[in-house]
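The lines below spell out each chain.
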Amino acid sequence: MLTNTIKLQSGLGLSLSQRIMPASASISSMMAGTISSQFTRGKRTKSKSTMSQGTQRVVGQLSVMSAARKQPLRLKLTNEDLVRHQVVHNAWAMLQKQKRQVREEKLTKQFEAMQSAMEDLKHGVEDGGVLFGFGSKFEKTKKRVSLELRVPTEYPPNQVWNHKYSKSD
Amino acid sequence: MITSVAKSRSIPNVVIPGSRAFFSTVVGGVRSQEASQSSTASSTINEEGVWSQFDKRSESLKIKNPILRNELLHGIDPAKGPLTLKKGLSKMKYTSPTGLDEVFPLAYNFLQETAKEKYSQVTEIESQIAAETDEAVKTQLLKKKNQLIIDAEKFNPEVAYKAQFSNPENLNLDELVYQYYYKTKNFEGFNKMLLMQRIEQLHVLPDAIPTINPSVELKVKFINESGVNKYITPGDILSSRATSKPPIFQVNYLNIDEALKPSDKFTLLVVNLDHPNTKTNSYDITLNYGVKDVSFQHNNQVLSFDELSQGEFAEYLPPVPEKNSPTSRFVTLLLKQEEGPLATEKLNFNRKDFALADFLTENKLVPVGINVWRSKWDGNVKNVREMYGLPNGRVFHRVRR
Amino acid sequence: MSSIFSLSKASSLTKKVLVAGKLLAQNNNAFNSNIPSSSLLALSSIQIRTSTKKAAGSKTNMKDSAGRRLGPKKNEGILVRTGQIIYRQRGTKIHPGENTGIGRDHTIYAKEPGYVRYYLDPFHPSRKFVGVALRKDLALPSNHWEPRVRRFGYVELKDSKSAQQEEEHLTRKDWLLKQKVDKEVEQRDIRRQTKKQELLTEFKALNIGEFSEDQLNIVASRLLNVQRFLINGFSLSESEQNVTFNDLYDYKLSLKRTEIDEAKYQELVSQYKSLASKTDEHVAFNAKYHVVKKISEEKKKAMKTELIGQLTKLTEQLPIKKDDKSKIVELITNAENTGVLTKSEIVRVRRRFLKPVAPESVAVLEKSAKKSVSYKRFDYSSNKVVTIIRSNDAFLSKAK
């Protein structure tokens with residue numbers, strides 16, 4: 001038994017959604033005059049895709065068209081408009097460059113401030129490097145964030161956080 | 001965000017309402033409702049900015065045609081259509097890309113403000129140069145200044161339009177920005193590549209000089225009764241009639257990093273790399289034309305014969321190839337004189353067997369420009385020989401053995 | 001022979017089986033002592049019947065060609081003549097280097113006489129090369145930065161008769177071409193002579209001054225040359241400069257040939273220069289390259305504005321009447337002949353003032369009449385094709 005549902009357009013303009021039966025069944029239904037589509041031997045009644053017929057036709061037509069014809073239309077600019085476009089493009093690029101520079105400068109400053117602070121801890125405070133040790137300590141267990149951390153969802157799991165998580169699990 | 005950037009970087013403090021939306025509409029080519037609404041707020045270009053001031057800037061940076069200039073700065077009038085399209089139907093059909101007219105003033109004003117800052121930096125550097133005594137530092141500053149002048153003008157739509165769409169022969173190459181455009185687009189983008197290909201393939205390198213990176217464009221044109229008005233393409237085979245009288249040269253100095261000084265002198269040589277020598281069963285280099293102490297101040301300058309005749313140390317001898325000898329290569333070299341003017345009496349050379357490499361090292365000459373043409377025997381060689389009172393040429397056997 | 005081969009193969013197979021059986025026996029002895037030794041014996045002496053019938057592979061498999069005698073034909077340092085084979089190979093085991101060529105079957109041969117050198121080239125590190133050095137003392141590869149060592153190879157014809165014969169020799173193609181070229185040159189010279197005469201009469205009509213016959217001849221040839229430069233796109237001043245340069249250079253050459261002495265040369269030059277300046281002062285060319293009287297730039301500008309004013313006045317009343325049309329044509333032709341307008345300006349003025357069809361603001365009819373023309377065109381405002389009926393007045397060619 002086939003279970004694909006397709007839409008058929010009846011002659012009256014009514015769209016019917018119906019379960020297609022094997023050939024014999026559809027013939028009997030045709031005899032009864034319920035569906036006005038003609039049977040042809042060897043015609044595929046089984047449709048693999050779930051697309052509508054209209055969409056399928058478009059897809060078929062597109063597949064035989066050359067790639068060049070499917071390209072979006074090229075913008076045709078006059079010389080004036082080309083230069084105007086270049087101006088806009090350059091302005092945008094320059095703005096981005098300036099922003100990037102500001103960000104990089106800020107990060108450099110932050111890094112340098114951090115470095116000088118650490119230098120102070122190392123040499124300025126005469127505590128035998130205790131504070132520097134605290135400041136530059138790396139955590140041995142890299143368990144700051146649970147590996148199970150997930151994006152908030154409307155249906156969270158029953159056990160939200162596994163506090164006893166270990167790598168061997 | 002943008003305003004905060006402006007404050008911290010002391011860049012021109014321009015407020016660009018909804019600029020992100022504008023740019024994205026232009027780049028993506030999709031008109032969003034939000035963008036088209038907010039565009040009505042600010043949409044005029046600043047016509048009192050640096051790019052509209054021509055008291056200090058050259059007039060060549062301006063587009064002369066008022067209609068074209070208006071279209072470039074204020075957009076195309078849909079009622080009249082673009083000036084650059086000729087057909088009435090095309091004019092009528094044309095529409096500018098969506099959103100371009102709205103976003104252009106913002107972009108223009110933004111770039112103009114950065115240009116203004118560049119110009120203020122230029123004045124700063126100029127005062128530094130005036131105070132500086134160290135030559136090395138001075139040249140460094142000069143280099144920086146030139147770059148700033150180019151950066152200030154290269155995004156100016158009027159300049160960009162002229163550089164891209166006008167005849168390169170009419171560009172004012174004394175303006176650094178046009179020099180920059182000509183160098184990148186016309187010279188390095190095409191002419192230099194062609195020239196290098198030809199001189200490599202014709203083995204001008206290394207037969208004439210070991211190598212060269214031309215910083216000056218050297219163009220050669222022959223003026224004779226035929227009236228042909230064309231600079232030769234490197235490697236052209238020219239008839240003996242075409243080359244029977246000395247050529248004129250055009251030079252474009254395109255070394256932006258090192259400006260041309262009035263004291264700079266150049267030597268111009270035309271040499272034949274393929275003069276047969278039956279004694280050694282090989283070839284000699286002959287000197288066909290030699291001019292020293294050539295100077296030029298402006299670009300696109302034509303060095304005519306009359307100007308060159310003052311520094312001429314070897315009169316022009318036309319190519320007169322001999323029958324059945326292979327095609328001869330005539331190389332024109334523009335050489336920079338490292339040590340100022342050359343003294344004629346010190347010049348030591350033999351025209352018939354010209355030691356080119358020795359001549360260059362002895363006189364401290366550095367090749368900066370090059371061009372080449374080829375000549376072979378034709379029916380007119382006899383007449384050219386008669387013109388110059390030269391003896392009859394040798395005739396070689398047709399078959400090489 | 002093939003049967004022997006198959007037999008030997010078969011016997012080696014039996015051997016292998018026997019060896020395998022022995023190994024198995026050893027293993028069994030070591031680990032599996034419960035198997036009776038009699039069965040082991042039986043295993044070691046199994047009879048194998050090998051094939052005595054040829055299976056396949058005798059038709060083409062036993063062929064072998066004779067050796068192709070590949071390899072070096074000339075070794076390092078050997079003197080070779082042009083065309084001699086240096087190396088025979090399949091594929092390019094060795095690449096052709098300096099003064100050598102490669103054949104269809106990758107055979108390397110000498111292109112110049114000299115000494116064979118096998119070498120490596122740093123520019124192509126994975127290749128081996130063979131080249132020919134022109135002299136015994138030269139090593140290969142030659143220095144990349146130094147001029148190439150080249151052999152001329154042509155022999156000079158010392159015998160004057162054979163030399164002359166060789167010099168006059170033309171290939172068939174060139175000879176055929178020469179006939180045509182000579183004929184055309186002859187015709188061209190005739191054309192030039194007539195043109196020269198035309199220019200001279202035009203020049204004389206300007207009434208600039210008195211000239212001798214010699215001077216007129218110089219002026220005529222000068223005008224002819226200037227005209228040629230103008231046609232080739234030089235400006236008037238450039239053309240005049242070029243012609244002056246060419247003509248003075250000719251005097252210089254005749255001095256060099258010692259046809260004239262220094263004094264005569266100076267005289268000729270000064271005469272030419274004065275003549276040139278005198279003609280250049282008064283002579284210009286119009287858009288059709290005819291000689292006209294030179295007009296100063298300011299005067300030309302004023303004349304242009306006056307002309308444009310007249311033309312605008314004449315075209316104020318649309319459609320243009322026949323009389324007005326002839327007046328306009330006359331004005332433009334006059335400007336063209338006097339050299340007031342350049343070629344491009346004439347085109348522009350004609351386009352502006354002599355429109356073949358008047359704009360649709362005038363001479364449009366509601367209904368078709370006897371003397372009317374109707375045409376269809378697309379109306380962009382309504383996006384429809386519309387029929388327009390115009391009276392004959394709308395067309396310049398039918399103006400009354």
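Nothing here was measured: the structure is a model prediction, and the numbers come from that model.

A.B. asks: Explanation requested: the overall build of chain B in the structure shown.
C.D. replies: In terms of regular secondary structure, chain B is built from 13 helices and nine strands. Burial analysis of chain B (401 residues in total) assigns 50% to the buried set. In chain B, 72% of the contacts between residues at least 6 apart in sequence involve partners at least 24 apart.

A.B. asks: Mind showing me how you'd approach the overall build of chain C here?
C.D. replies: The number of helices and strands found in chain C is 10 helices and 13 strands. A fraction of 49% describes how many contacts in chain C between residues 6 or more apart in sequence connect residues 24 or more apart.

A.B. asks: Sorry, what's going on with the interface of chain A and chain B here?
C.D. replies: Quite often, the size of an interface is put as the accessible area lost when its parts meet. At the junction of the two partners, chain A supplies 23 residues and chain B supplies 37 residues. Both sides together, the interface formed by chain A and chain B hides about 2,800 Å², and carbon and sulfur atoms give 71% of it. The largest share of the area that chain A buries against chain B comes from Glu-80, Arg-84 and Val-88 of chain A, three residues that together contribute 24% of it. At the surface where chain A touches chain B, the tally comes to one salt bridge. Linking Arg-84 of chain A and Asp-101 of chain B is a salt bridge whose minimum nitrogen-to-oxygen distance equals 2.9 Å. Run the count over chain A and chain B and you get eight residue pairs in polar contact (both at pLDDT 80 or more). A breakdown of the residues in the side of chain A that touches chain B according to their chemical character gives 10 nonpolar, seven polar and six charged.

A.B. asks: Please explain the interface of chain C and chain B as it appears in this structure.
C.D. replies: Taken together, the contact pairs 33 residues of chain C with 46 residues of chain B. Across the interface of chain C and chain B, roughly 4,100 Å² is buried in total on both sides, 53% from carbon and sulfur atoms. Of all residues in chain C, Arg-150, Phe-152 and Tyr-154 of chain C bury the most surface against chain B, accounting for 20% of the area lost on that side. In this structure, the connection of chain C to chain B is made through six salt bridges.

A.B. asks: Can you walk me through unusual backbone geometry in this structure?
C.D. replies: Outside of glycine, negative phi angles account for most residues, and trans bonds account for most peptide bonds. A cis geometry characterises the amide bond from Leu-205 of chain B onward to Pro-206 of chain B, with omega recorded as 10°. For the peptide bond that leads from Leu-318 of chain C to Pro-319 of chain C, omega is -5°, which places it in the cis range. Residue placement: Pro-319 of chain C occurs in the loop between helix H8 (297-314) and helix H9 (322-338). In this structure, Asn-281 of chain B takes a positive phi of about 55° despite not being glycine. Topologically, Asn-281 of chain B is positioned in the loop between strand S4 (266-277) and strand S5 (282-294). Asn-281 of chain B sits in the partly exposed class, given a relative accessible area of 29%. Backbone geometry places Asp-293 of chain B, a non-glycine residue, at a positive phi of 55°. When you line up the elements, Asp-293 of chain B lands in strand S5.

A.B. asks: What am I meant to see in the pairing of strand S3 (residues 247-253) of chain B here?
C.D. replies: Here is the key point about a regular strand: its side chains alternate between the two faces of the sheet. Residues and elements named next belong to chain B. Taken across its seven residues, S3 has seven buried, putting it largely inside the fold. Residues Pro-247, Phe-249, Val-251 and Tyr-253 line one face of S3 and the alternating positions Ile-248, Gln-250 and Asn-252 line the opposite face, and both faces are buried. Here S3 runs beside strand S6 (residues 301-303); their pairing, made up of three bridges, is antiparallel. Across the sheet, Phe-249 pairs through a bridge with Leu-303, a residue of S6.

A.B. asks: Any chance you could explain the nonpolar core here in plain terms?
C.D. replies: For soluble globular proteins, the rule of thumb is that nonpolar side chains tend to be buried together. Core analysis: the largest hydrophobic core is formed by 60 residues, its most contacted members being Phe-249 and Leu-334 of chain B. Counting residues per element, this core draws most heavily on helix H5 (residues 213-231) of chain C, which supplies eight residues. With near-sequence residues (within four places) excluded, Leu-334 of chain B lies in contact with Val-216, Leu-218, Val-251, Phe-266, Thr-267, Leu-268, Phe-296, Val-366, Pro-367, Val-368 and Gly-369 of chain B.

A.B. asks: Can you walk me through the sheet that holds strand S13 (residues 384-391) of chain C in this structure?
C.D. replies: Pairing between the strands of a sheet is mediated by backbone hydrogen bonds and can be parallel or antiparallel. Residue and element names in this part refer to chain C. Pairing within the open sheet is antiparallel, and its three strands lie in the order S11-S13-S12. Each of the sheet's edge strands pairs with one partner strand only, and the pair in question is strand S11 (364-365) and strand S12 (372-379). Where S12 and S13 come together, eight bridges link them in antiparallel fashion. Residue pairing in the sheet places Val-373 in a bridge with Arg-390 of S13.

A.B. asks: So what exactly am I meant to see when it comes to the pattern of salt bridges here?
C.D. replies: Side-chain pairs of opposite charge can arise where the charged atoms are in close proximity. Under the criterion given, the structure shown has 34 salt bridges over all chains. The residue Arg-88 of chain C makes a salt bridge to Asp-105 of chain C at a minimum N-O spacing of 3.5 Å. Placement of the pair is Arg-88 of chain C in strand S3 (residues 85-88) and Asp-105 of chain C in the loop between strand S5 (100-102) and strand S6 (108-110), with a sequence separation of 17 residues. Classification of Asp-105 of chain C as partly exposed rests on a relative accessible area of 33%. A single network of salt bridges, built from pairs that share partners, joins Asp-207, Asp-274 and Arg-329 of chain B together with Arg-148 and Arg-150 of chain C.

A.B. asks: Quick question: what am I supposed to make of the packing of aromatic side chains here?
C.D. replies: Note on aromatic pairs: each is described by the distance of the centres and the angle between the planes. One pass over the full model with this rule turns up 25 aromatic pairs over all chains. Look at Trp-51 of chain B and Tyr-108 of chain B: their rings are 5.4 Å apart centre to centre, the planes differ by 70°, and that puts the pair in the edge-to-face class. Remark: Tyr-108 of chain B occurs in helix H6 (residues 100-131) and Trp-51 of chain B occurs in the loop between helix H3 (33-38) and helix H4 (66-74); sequence separation between them is 57 residues. In terms of burial, Trp-51 of chain B and Tyr-108 of chain B fall into one category: buried. By the ring-pair criterion, three or more aromatic residues cluster together here, those being Tyr-283 and Phe-396 of chain B together with Phe-152 and Tyr-154 of chain C. Positioned over the ring face of Trp-377 of chain B is Lys-323 of chain B, at 4.1 Å from the centre of the ring. Seen from the ring of Tyr-283 of chain B, Arg-150 of chain C lies directly overhead, with NZ or CZ sitting 4.2 Å from the centre.

A.B. asks: Would you mind going over the sheet that holds S3 of chain B with me for this structure?
C.D. replies: All names here are of chain B. Strand order in the open sheet formed by three strands is S1-S3-S6, with antiparallel pairing between adjacent strands. Edge strands, defined here as strands with exactly one partner in the open sheet, are strand S1 (216-222) and S6. Ignoring which end each strand starts from, the neighbouring axes of this sheet average 25° apart. Along the sheet, helix H9 (residues 176-201) makes contact with S1 and S3, crossing S1 at roughly 65°.

A.B. asks: Could you clarify how one ought to interpret the environment of Ser-239 of chain C in this entry?
C.D. replies: Residue and element names in this part refer to chain C. Looking at the secondary structure, you find Ser-239 in helix H6 (residues 236-256). Placed 13 residues apart in sequence, Ser-239 and Val-226 show a C-alpha to C-alpha distance of 5.3 Å. Once residues lying within four places of it in the same chain are set aside, the contact partners of Ser-239 are Val-226, Phe-229, Leu-230 and Phe-234.

A.B. asks: I'm lost on the environment of Tyr-283 of chain B in this one. Help?
C.D. replies: In this structure, Tyr-283 of chain B sits in strand S5. Between the C-alpha atoms of Tyr-283 of chain B and Asn-70 of chain B, which are 213 residues apart in sequence, the distance is 62 Å.

A.B. asks: Whenever I open this one, the packing of helix H4 (residues 79-124) of chain A against helix H8 (residues 157-165) of chain B confuses me. Can you help?
C.D. replies: Geometrically, a packed helix pair is captured by the angle between its two axes and the distance between the axes. Two elements in contact, H4 of chain A and H8 of chain B, have axes separated by 10 Å at closest approach and are oriented at 130°. Taken together, the axes of H4 of chain A and H8 of chain B lie oblique to each other. Handedness of the crossing formed by H4 of chain A with H8 of chain B: right-handed. Of H8 of chain B, the residues touching H4 of chain A (which contributes Asn-79, Glu-80, Leu-82, Val-83, Gln-86 and Val-87 of chain A) are Pro-157, Ala-160, Tyr-161, Gln-164 and Phe-165 of chain B. Class assignment of the residues belonging to the contact of H4 of chain A with H8 of chain B gives a composition of seven nonpolar, three polar and one charged.

About the criteria used
- Residues numbered from 1 in each chain as written.
- Chains lettered and ligands numbered in written order.
- Predicted model: local features only at pLDDT ≥ 70, side-chain atom pairs only at ≥ 80, totals over all residues.
- Heavy atoms only, no water.
- Helix = DSSP H or I, 4+ residues; strand = E, 2+ residues; numbered from the N terminus.
- Buried < 20%, exposed > 50% of the residue type's maximum accessible area, 1.4 Å probe, protein only.
- Contact = heavy atoms within 4.5 Å.
- Buried area = accessible area lost by both parts, 1.4 Å probe.
- Salt bridge = Lys/Arg side-chain N within 4 Å of Asp/Glu carboxyl O.
- Polar contact = N/O pair within 3.5 Å; in protein donor to acceptor, adjacent residues only side chain to side chain.
- Nonpolar A, V, L, I, M, F, W, Y, C, P; charged D, E, K, R; others polar.
- Pairing = 2+ DSSP bridges.
- Core = buried A, V, L, I, M, F, W, Y, C linked by side-chain atoms within 4.5 Å.
- Phe/Tyr/Trp six-rings, centres within 6.5 Å; stacked < 30°, edge-to-face > 60°.
- Lys NZ or Arg CZ within 6 Å of the ring centre and 35° of its normal.
- Axes fitted to C-alpha atoms, helices over the stretch in contact; angles between N-to-C directions.
- Parallel < 35°, antiparallel > 145°, perpendicular 65-115°, else oblique.
- Left-handed = near helix turned anticlockwise from the far one by under 90°.

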